[in-house]
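Overview (structure and organization)
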Amino acid sequence: MPERVIIIGSGPAGWAAAIYAARAALEPLLFEGAITEENRLAGTLPLGQLALSTEVENYPGFPVGDLEAYLDSAIEKGRRSMMAPHNKEGASGPELLELMRQQAANFGTRIVTDDVTDVDFSGRPFRVTTSEGKQHEAQALIVATGARANYLGLPSEEKYKNQGVSACAVCDGALPRFRNRPLVVVGGGDSAVEESDYLSKFASVVYMVHRRDELRASKIMAKRAMDNPKIEIQWNRVVDEILGNDQDGVTGVRLNSTAGEDPLELEASGFFLSIGHTPNTAFLEGKIELTEKKYIKWTTPWRTYTSVEGVFAAGDAADDYYRQAVTAAGTGCMAALDAERWLAAKGL
Ligand SMILES: Cc1cc2nc3c(=O)[nH]c(=O)nc-3n(C[C@H](O)[C@H](O)[C@H](O)COP(=O)(O)OP(=O)(O)OC[C@H]3O[C@@H](n4cnc5c(N)ncnc54)[C@H](O)[C@@H]3O)c2cc1C
């Protein structure tokens, strides 16, 4: 018997979809990804992007507070003992995701710790193949495979992640360590300008590091950067090394020149990447309509429909604009409701 709904992905979008689908008695089967070195290096281990973060201060319902007793009572003992000690600063990313996963499991979601590597949408039921070579069939499918932030690939970047290195200005910019301090943003597109502008509300100065002598951003956005007195653009520069130490995390940055100038060191408490994201959609190429940037294309406003009837998309895999946990969870809920209504209309 085919499944009624299969969910692929284990970030806020996948778990929200699972909670709604399970409560609608669709008995969802969810693939959360495989625990492999390849996924670790790519930043796509089960539980998704937020599990790579520490404090999450903007997910509604989790103010700063001691959640220890709640976590002890909510999370299965075996998994709880594997989690880092709670830091009394509200929910951390991993804590939030464990809670979402547990909530989905409590309502009967069956969870498979494996990657989906191939899909066959040529007929219904749809067929998915996992990295272990197993095949499963489903009447409806929700893709919530997320995206991953692009990094430069420097060892120092890896070392200071969560200690000053961040790939999400909106998520981390307001943290105390960045207040009234010099910050660095790498990138030259619209997102880099938007993130620099946002960070300038908190920082003493924002250095935008750009490899060329002209921003890639649209004219209006480039003007916004130029007009902001707190943004200083470092033209023709590339990052050589992020400077820091174990105690303080990031303390500065060393820049090389693309125009033959001497290297330059700047003091900074934060290093923000704004060089794009890669959606986790490679296994969907040619199977479903993707945008130019390889995000899944939503075909109808305010619906999670895709170009394949019966396949729904949620979260960052389809959203290159908002990219927040709460929006991912929101579209996960929408995808489950869309799938439920579609199955009902088809009598499946
Ligand atoms: C460092 C950092 C800090 C952040 N901080 C915040 C914050 O404070 N607040 C906030 O709102 N947002 C924050 N964000 C953004 C937020 O994490 C994302 O918007 C959100 O996680 C997107 O959720 P998602 O469900 O779409 O997918 P993701 O979180 O991207 O998770 C999808 C996961 O599905 C799994 N998967 C992928 N492909 C497959 C496959 N083929 N088969 C099986 N499983 C698969 C992988 O484990 C993948 O990681 C942060 C992001 C980063 C990188």
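Worth saying up front: this structure is predicted, and the values here are computed from it rather than measured.

A look at the nonpolar core
Counting 39 residues, the largest nonpolar core has Tyr 59, Leu 96 and Ile 142 as its most contacted members. Secondary-structure elements contributing two or more residues to this core are strand S1 (3-8), helix H1 (12-23), helix H5 (93-106), strand S6 (135-143) and helix H10 (325-346). It is H10 that contributes the most residues to this core, eight residues altogether. Setting aside residues up to four positions removed in sequence, Tyr 59 forms contacts with Leu 96, Met 100, Ala 325, Val 326 and Ala 329.

Observations regarding the sheet that holds strand S9 (residues 182-186)
Sheets are built from strands that pair by backbone hydrogen bonding, the pairs being arranged parallel or antiparallel. Taken in spatial order, the five strands make up an open sheet running S8-S15-S9-S10-S11, and their pairing is parallel. Two strands bound the open sheet, and with one partner strand each, they are strand S8 (165-166) and strand S11 (231-234). Sheet topology note: the strand S10 (residues 205-209)/S11 ladder contains four bridges and is parallel. Among the inter-strand pairings, Tyr 207 is bridged to a residue of S11, identified as Glu 232. Sheet strands touched by helix H8 (residues 190-199): S9, S10, S11 and strand S15 (270-273). Its angle to S10, the strand with the most contacts, is close to 165 degrees.

Concerning the site of the ligand
Around the ligand lies a shell of 33 residues, among which Leu 45, Gln 49, Asn 58, Asp 316 and Ala 325 are the nearest. At 2.8 Å from an oxygen atom of the ligand is found a main-chain nitrogen or oxygen belonging to Ala 325. Protein contacts shield 96% of the accessible area of the ligand, which totals 990 Å² for the unbound molecule. When contributions to the shell around the ligand are tallied by element, the ones reaching two or more residues are H1 and H10. A class-by-class count of the residues in the shell around the ligand yields 15 nonpolar, 13 polar and five charged.

Section: the environment of Gln 49
Mapped onto the secondary structure, Gln 49 falls in the loop between helix H2 (37-42) and helix H3 (68-74). Residue classification places Gln 49 among the partly exposed residues on the basis of a relative accessible area of 28%. Linking Gln 49 and Phe 178, residues 129 residues apart in sequence, is a C-alpha distance of 21 Å. Not counting residues up to four positions away in its chain, the partners in contact with Gln 49 are Ala 147, His 277 and Asp 316. A distance of 3.0 Å separates a polar atom in the side chain of Gln 49 from the backbone oxygen of Ala 147.

Quick word on the sheet that holds strand S12 (residues 237-245)
Across the sheet, three strands lie side by side as S12-S13-S14; this open sheet has antiparallel pairing. The strands lining the two open edges of the sheet, one partner per strand, are S12 and strand S14 (264-267). Across this sheet, the average inter-strand angle for adjacent strands is 25 degrees, counted without regard to direction. Two strands pair when backbone bridges link them, and S12 and strand S13 (residues 249-257) are joined in this way by eight bridges, in the antiparallel orientation. Considered in S13, the bridge of Gly 244 is made with Val 250.

Calculation rules
Residues numbered from 1 in each chain as written. Predicted model: local features only at pLDDT ≥ 70, side-chain atom pairs only at ≥ 80, totals over all residues. Heavy atoms only, no water. Core = buried A, V, L, I, M, F, W, Y, C linked by side-chain atoms within 4.5 Å. Buried < 20%, exposed > 50% of the residue type's maximum accessible area, 1.4 Å probe, protein only. Helix = DSSP H or I, 4+ residues; strand = E, 2+ residues; numbered from the N terminus. Contact = heavy atoms within 4.5 Å. Pairing = 2+ DSSP bridges. Axes fitted to C-alpha atoms, helices over the stretch in contact; angles between N-to-C directions. Near = heavy atom within 4 Å. Polar contact = N/O pair within 3.5 Å; in protein donor to acceptor, adjacent residues only side chain to side chain. Areas by Shrake-Rupley, 256 points an atom, 1.4 Å probe, with all protein chains shown as cover. Nonpolar A, V, L, I, M, F, W, Y, C, P; charged D, E, K, R; others polar.

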